Amino acid sequence: GTALTALVAYYILPYEWSFDLCMTFGAILSATDPVAVSVLMNELGAPPRLRMHISGESLLNDGSAYVFFTIFRARFLYELVPDVGRNIGWGEGFALFFRLSLGGMCIGLAFGIGTVLMLYMLKYRLSGEDSVAQVVLTISVAYLTYFSSELAECSGIIGVLFLGLTVKAFGENLINNTHLMTHFWEITEMLLNTLLFTLAGCVFGGMLVDSDKTSAVNEQIFEARDWGTLFLLFILLLAIRFFLIFAFYPLISVIGIGTSWQEAMFMSYSGLRGAVGLALALSLFSEVYEITPDTVYRDFAAKVFFLTGGIAMLTLIINAPTCGPLLKKLGLVTPTDSRLKIISKYRLRMVQYSLTEYVSLLADERFCDLDFTVVREHVPFLRDITYEQLKAAVKRHKEQTPPRSYKHPNLANVLPYMNGSALDDENVEGEARNVNKSRDSSSGIRSRRTSLIHFPRLPSVRHLMRASARGSIFDLRKSTETKMEANEERLIFIKALRAAYHLLIERGEVESRGFLPYSLFRSLDYAQDKAARGQPLADWEALCVASNSLASHVKMVLLRVKRIFRLRAITINEFHTELEHFGMLFLVQELLAFIKAHEIAEKAFKDLSQGDGRDELTLAENVVLQESVDQVLLAEQALDEFDEKEVQQIKSHYACHIILSKAAAYYETLSRQGLMSEREAGEFLEEMEAHILHTKECQDSSHAGEISDRHKLEMVPDDGWSPLHLSSSNAKSVTENMKEDADEV
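Residues numbered from 1 in each chain as written. Predicted model: local features only at pLDDT ≥ 70, side-chain atom pairs only at ≥ 80, totals over all residues. Heavy atoms only, no water.

## Considerations on the overall build of the chain
Our working definition: Each helix is a run of DSSP H or I of at least 4 residues and each strand a run of E of at least 2, with the numbering of both proceeding from the N terminus. Partly exposed describes any residue whose relative accessible area lies between the buried limit of under 20% and the exposed limit of over 50%, with all areas from a 1.4 Å probe on protein chains only and scaled to the type maximum. Throughout, a contact is declared for two residues whenever any of their heavy atoms are within 4.5 Å. Each accessible area is a Shrake-Rupley result for a 1.4 Å probe, and residues are judged covered by the shown protein chains and nothing else.
Each helix and strand in the chain was counted, giving 28 helices and zero strands. When the 745 residues of the chain are sorted by exposure, 46% land in the buried category. Taking the intrachain contacts of the chain between residues at least 6 apart in sequence as the baseline, contacts between residues at least 24 apart amount to 80%. Element-wise, carbon and sulfur atoms account for 59% of the exposed surface of the chain, whose accessible area totals about 38400 Å².

Right, dumping it as structure tokens:
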């Protein structure tokens, strides 16, 4: 490839370059970059063998290109300044080639074996320090190998190449934390590629504008002839690559399991130019400019860099986007019909999984009264579920839940829609069990609207805390030792709360970004400071402080925004409505997360405390648990201050967000396991993201197809459903409550 490209530059390009410069130019353009193509093949699910061929060919090309570049660059610089370059003869050139390549290979193998031994010595998989040390080891040895090879007058690139091959072959299974190692090198690769392309782009742009450095070449670069030469060179390089691949096709088609002509065709077309070629051209351009004031040679170096950057640009904007259709046209990806059947099966399983998660939410006390019309509106794949699918989901939920933790789901708001739509022509066996929570006996719940990010004032919170403390059955004043033990237990419980919040984020019940996680974790910092000083658990009060401090900054920004829109009254009213909706949504989600986190932390705290075989908790442990119960009581009292119907709507939208997040996580798992390509999973993830965004923006208090409570009661199936049977007293209570709601309406 280097020789053929050099012949094209020597005989076809209209620049009258010397043969040494042409060979240098050929070495630069023979280096290929498989990054974009590899990403594309991973997305489309191309055969791993094809990815290995393209990546391996690129690695060897880069190494050999650098060796040829080193030799012929020295000869070209000798033409400019004999003291800088080196007049390498053909015999010396062959000897130098083998020394650079074989010497770099030996140095890389030696450092690779040493790296494998050091990875073996860092064998504590549960130690975070050893995992970090392994990452530092890999990048340190990579640079050390490169500099050692260069000092030994060998090829540093080939040394690093064989270092990587050795570690990949023998040390991959010795890495403690593969995710940490992979993510580190992915970030490093992206940063270095971005830095290189940015630097090359700056130099390339500087060549196209007036500057002292390139004033001598600007007039020539802007000529139409140069741009025509660029496109001609692009076509010739593509032809050279096709010729080389198919010239060796009889050999590569019989090696190993063989390469098909379709794979050879794609390998010929996917020879993109990128990072290595740009780096070599940039180094040549900089070096020529530094060592000689001769404008002719500066023009030569500028032309080399211009053509190299132009070829890289053309391959990225022409070859890269068309590689995907070519892969499909050549039949190198999974056939469309069979793949679509598999994807449809994955989608069906996702629906089953999401429906099971929905049923588990209905068994949660926080979400037992969800409005199914909201779910049907914002979770489209649950819109057409049938009664049998619902029964199967309830059965799966019961099988997946430990018997001691199992709670019957409340289907009171779901079954009427099943009966009214999907079950008109079905003979359903079984009765719907509606484990509807009895309504709060106190019908005088205050129905007031709260302002944006507004919690009950702290004095009332302290009053409630003092009241709960006076009612406590535990008294720590009698024992200093017990009091100190309680302080330590509080700190442990706060850590359990922090872990619970992280668990809610992993489950998709709390977003990982935004105001909500900020206020929750900030409250734990406040509570931890108080607990360290021996004060009782007060994360509810800390949450009020964190949210109110956040609210002050938000209100300041909003006031400034309000001034901007003051001239448009309609916009201001709409703006206030959105802010009020955001405040209500934020508060309810925060309260629900707070209550659930305490439930998880209390269970984890009990399991940890009883892990030593004790059936009973100590006095200090009971005190901490009682303080947690008091905090939850305060949160529930704050939640009761909102309008019950509005809370139900917010809960329903919040549940839709959770279901969609879990569905997205399901596709991410399939992609991570290799069962779906990145592009296939990406299409579904974009769909889920659009539904989540629509759920967040929805402010409707009612949705299409909503049924009144009286009609719901009439449409619930009367047949017995054994897994969900109701006792007569509970059924009567549910019936009376629903009739009371209808009468109130």
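Moving on from the coordinates now.
## Remarks on unusual backbone geometry
The phi dihedral of Glu16 falls on the positive side, at around 55°, and the residue is not glycine. Given the relative accessible area of 74%, Glu16 is considered exposed. The phi angle at Glu153 is positive, at roughly 60°, despite the residue not being glycine. Relative to the helices and strands, Glu153 resides in the loop between α6 (128-151) and α7 (156-170). Judged by its relative accessible area of 47%, Glu153 falls in the partly exposed class.

## Examining the packing of aromatic side chains
To keep things clear, this is the line we draw: Here is the rule: rings of Phe, Tyr and Trp (six-membered ring for Trp) pair when centre to centre is within 6.5 Å. Planes less than 30 degrees apart are stacked, more than 60 are edge-to-face, and the remainder are tilted.
Scanning all chains against the criterion turns up 23 aromatic pairs. Taking the centre distance of 5.6 Å and the plane angle of 80° together, the rings of Phe97 and Phe98 count as edge-to-face. On the basis of relative accessible area, Phe97 is assigned to the partly exposed category, the value being 22%. Owing to a relative accessible area of 48%, Phe98 belongs among the partly exposed residues under this scheme. Centroid distance Tyr358 to Phe372: 6.1 Å. Interplanar angle 40°. Geometry classified as tilted. Here the residue Tyr358 occupies a position in helix α15 (residues 336-362), and Phe372 occupies one in helix α16 (residues 372-378), the gap between them amounting to 14 residues.

## Comments concerning a nonpolar patch on the surface
To keep things clear, this is the line we draw: The patches reported here contain residues having more than 30% relative accessible area and no salt bridge. Joining distances are 9 Å for like charges and 5 Å for nonpolar side chains (Val, Leu, Ile, Met, Phe, Trp, Tyr). The rule for a salt bridge is simple: a side-chain nitrogen of Lys or Arg has to be within 4 Å of a carboxyl oxygen of Asp or Glu.
Together, Leu7, Tyr10, Tyr11, Ile12, Phe19, Trp90, Phe94, Phe98, Leu102 and Leu232 line one region of the surface with nonpolar side chains, adding up to about 1100 Å² of accessible area. Going through the elements one at a time, α1 (2-11) and α5 (90-121) are the ones with two or more residues in the nonpolar patch. Note that Phe98 resides in helix α5.

## Focus on the side chain of Thr24
Selection criterion: Definition of a polar contact: a pair of N or O atoms within 3.5 Å, with one able to donate and the other able to accept a hydrogen when the atoms are protein atoms, and with sequence-neighbouring residues admitted only if both atoms are side-chain atoms.
Residue placement: Thr24 occurs in helix α2 (residues 19-29). One polar contact links the side chain of Thr24 to the main-chain carbonyl oxygen of Asp20, over a distance of 2.8 Å. For Thr24, the contacting residues outside a window of four places in its chain are Phe69, Phe72, Arg73, Phe76 and Leu284.

## Regarding the environment of Tyr289
Relative to the assigned elements, Tyr289 resides in helix α13 (residues 275-291). In this structure Tyr289 comes out as partly exposed when scored by relative accessible area, which is 22%. The spatial distance from the C-alpha of Tyr289 to the C-alpha of Asp299 is 9.5 Å, given a sequence separation of 10 residues.

## With respect to the pattern of salt bridges
Following the criterion strictly, the structure yields 17 salt bridges and no others. For Lys662, the salt bridge is made with Glu357, and the minimal N-O distance between the two is 3.8 Å. Of this pair, Lys662 sits in helix α25 (residues 644-672) while Glu357 sits in helix α15; the two residues are 305 residues apart in sequence, bridging distant segments of the chain. Each member of the pair, Lys662 together with Glu357, is buried. For Asp364, the salt bridge is made with Arg366, and the minimal N-O distance between the two is 3.0 Å. The same class applies to Asp364 and to Arg366, which are both buried.

## Side note on the packing of α5 against α6
Short version of the rule: Between N-to-C directions, angles cover 0 to 180 degrees, with each direction set by a line fitted to C-alpha atoms, over the stretch in contact for helices. Our angle categories are set so that under 35 degrees counts as roughly parallel, over 145 as roughly antiparallel, 65 to 115 as roughly perpendicular, and the remainder as oblique. In this scheme the crossing of two helices becomes right-handed for a clockwise turn of the near helix relative to the far one and left-handed for an anticlockwise turn of less than a right angle.
The interhelical angle for the contact between α5 and α6, taken along N-to-C directions, is 160°, at an axis separation of 10 Å. The orientation of α5 relative to α6 falls into the category roughly antiparallel. As for how α5 packs across α6, the hand of that crossing is right-handed. On α6, the residues touching Ile107, Gly108, Phe111, Thr115, Met118 and Leu119 of α5 are Gln134, Leu137, Val141, Leu144, Thr145, Ser148 and Ser149.

## Describing helix α26 (residues 678-697)
Stated formally: To estimate how far a helix should extend, the number of its residues minus one is multiplied by 1.5 Å.
Here α26 spans 28 Å end to end across 20 residues, near enough to the 28 Å set by a 1.5 Å rise per residue. Listed as buried for α26 are Glu680, Ala681, Gly682, Phe684, Met688, His691, Ile692 and Thr695.

## Notes on the confidence of the model for the chain
Cut-off, in case you're wondering: The pLDDT value tells you how sure the predictor is about a given residue, anywhere from 0 up to 100.
The predicted model of the chain averages 77 in pLDDT, with 77% of residues at 70 or higher. The model gives residues 420-474 a pLDDT under 50, and that stretch makes 122 contacts with residues more than four places away or in other chains. Segment residues 565-570 is flagged for pLDDT under 50; beyond a separation of four residues in sequence, or across chains, it makes three contacts in the model.

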